[in-house]
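# Reading the structure
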Amino acid sequence: MKLFSSMKRIFSRLGPFPEHLFSILVVGVGCLVACEAPSGGPAEEATEASPAAPPVEWALAIHGGAGVTRAGVAAETEPAYEKSLQGALEEGKKILQGDGTSLDAVEAVVRLLEDDPLFNAGRGAVFTNAGTNELDAAVMDGESLSCGAVSGLKTVKNPITLARHVMERSRHVFLVGDGAERFADEMAVDRVPADYFFVQRRHDRWRQVLEAEEEKTASSAAPPALPTGQGRYGTVGAVALDRHGNLAAATSTGGMTNKRFGRVGDVPVIGAGTYANNATCAVSCTGIGEQFIRHTVASDVSARMEHGGRSLSEAAGEVIGEVLNPGDGGLIAVGKDGSISIEFNTEGMFHGSADSSGRFQVGIWAHGD
Ligand code: ASP
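Just so it is clear, the structure is predicted and the values come from calculations on it, not from any experiment. (Residues numbered from 1 in each chain as written. Predicted model: local features only at pLDDT ≥ 70, side-chain atom pairs only at ≥ 80, totals over all residues. Heavy atoms only, no water.)

As a further point, take the environment of Gly 92. Looking at where Gly 92 falls in the secondary structure, it is placed in helix H3 (residues 78-97). Between the C-alpha atoms of Gly 92 and Val 110, which are 18 residues apart in sequence, the distance is 9.4 Å. Setting aside residues up to four positions removed in sequence, Gly 92 forms contacts with Leu 60, Ala 105 and Val 109. (Helix = DSSP H or I, 4+ residues; strand = E, 2+ residues; numbered from the N terminus. Contact = heavy atoms within 4.5 Å.)

Right under this line is the structure:
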């Protein structure tokens, strides 16, 4: 529509022009623009529901973190990641197909990924500088804009469930540290001892990073650069549209390896790593949290749709491709029309998507390879 009115304005300035020739010209230019449209990520993943396609009744996208490189994931371990993603996707699909809510679906998916030591959330959380594990999570309901977030948890098995309790059973939005643990006591959620989070691979990686950073700090007065690379970050997330037209987003993480001083990333910051709004979309992010907080990435995708007239894939592609720096991370998003967008500017991102039209796919690398 925008293209049509802009062209009409230009042509009216040039003088009389036959209406039917004008229409042909608009269609031609429209086709050219559509063919040239840049895709900010893996093209075959960023599908928008075409106007001709039947409406999608439900849709789901999941991620298991963007801190993945080919050097860091041995080819023989890829099937294990894919199997975990498929299992999580199946669980969400079952709920959404059975008329369940998007909130139930995203919580259930994230709980499964939190229990899986492959991913940096819950059981597989990365280690802090002090050799501990501190977990963050957030959930948001697109219908009411209710949300709940938790940070710095040390004993909660499934932080996403505690975040949902904050949303539904407290007067607050964001609880941290000891206070969040006391709230966990009241909610009687599953608790675990510190060694539940011990995963040898994560511990080895933390030792490597710790030693490398200590060497760097000893040899330079400048603060260590922002961490990047395989094993430094991860995170899991899910976004969904249910049959009732409601969107929800959920994200959970152990943060970044060797984080210090009570560092909190983007995941529990509503609008940065997690956001849902029935007027636009639901978004869950993964990557270098500091960057996602600076650019309020998740709510920026929504704002570009609401105020800038962008489609979901245009908005997500612009934020990941133009606002962030290459290597910062990625996001998954579901639009209110059931469109799905999966964008990342890292080498890979564990991801999956499913919808009521039969779509069911998981992947790791760009362009599905
Ligand atoms: N964004 C998370 C954080 O900064 C890490 C990640 O997504 O891997 O805590």
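Having seen the model, we can carry on.
Right, let's talk about the pattern of salt bridges for a bit. Two side chains bearing opposite charge may form a pair once their charged atoms approach each other closely. Inspection of every chain in the model, using the stated rule, returns 15 salt bridges. A cluster of three or more residues bridged by salt bridges with shared partners is formed by Asp 104, Glu 107, Arg 164 and Glu 168. (Salt bridge = Lys/Arg side-chain N within 4 Å of Asp/Glu carboxyl O.)

Glancing now at the state of the cysteines. Counting across every chain of the model gives zero disulfides. Looking at Cys 285, it has no disulfide partner, and the nearest cysteine sulfur is the one in Cys 281, 9.9 Å off. What makes Cys 285 buried here is its relative accessible area of 0%. (Disulfide = S-S within 2.5 Å. Buried < 20%, exposed > 50% of the residue type's maximum accessible area, 1.4 Å probe, protein only.)

With that settled, consider the site of the ligand. Around the ligand lies a shell of 12 residues, among which Gly 234, Thr 235, Arg 263, Asp 266 and Gly 287 are the nearest. Between the ligand and Arg 263, the relevant distance is 2.7 Å, taken from an oxygen atom to a side-chain nitrogen or oxygen of the residue. Backbone polar atom of Gly 289 to an oxygen atom of the ligand: 3.0 Å apart, as the coordinates give it. Relative to its unbound accessible surface of 270 Å², the ligand loses 100% to contact with the protein. Spatially, the ligand is embedded in the second largest cavity. (Near = heavy atom within 4 Å. Polar contact = N/O pair within 3.5 Å; in protein donor to acceptor, adjacent residues only side chain to side chain. Areas by Shrake-Rupley, 256 points an atom, 1.4 Å probe, with all protein chains shown as cover. 1 Å grid on protein atoms, 1.4 Å probe; cavity = no way out; pocket = protein on both sides within 12 Å on 5 of 7 lines; lining within 4 Å. Sits in = over half its atoms within 2 Å of the grid points.)

Our next topic: a nonpolar patch on the surface. On the surface, Val 173, Phe 174, Val 176 and Val 264 cluster together to form a nonpolar patch covering roughly 300 Å² of accessible area. By secondary structure assignment, the location of Val 176 is in strand E4 (residues 174-176). (Patch = residues over 30% accessible without salt bridge, like charges linked within 9 Å, V, L, I, M, F, W, Y side chains within 5 Å.)

By way of backbone hydrogen bonds, the strands of a sheet pair with one another, either parallel or antiparallel. An order of E7-E8-E9-E10 is seen for the four strands of this open sheet, with the pairing classed as antiparallel. Each end of this open sheet is capped by a strand with a single partner; those strands are strand E7 (274-276) and strand E10 (340-344). Neighbour to neighbour, the strand axes of the sheet diverge by 10 degrees on average, direction disregarded. Packed onto the sheet, helix H9 (residues 297-308) meets E7, strand E8 (281-287) and strand E9 (329-335) and runs at close to 145 degrees relative to E8. (Pairing = 2+ DSSP bridges. Axes fitted to C-alpha atoms, helices over the stretch in contact; angles between N-to-C directions.)

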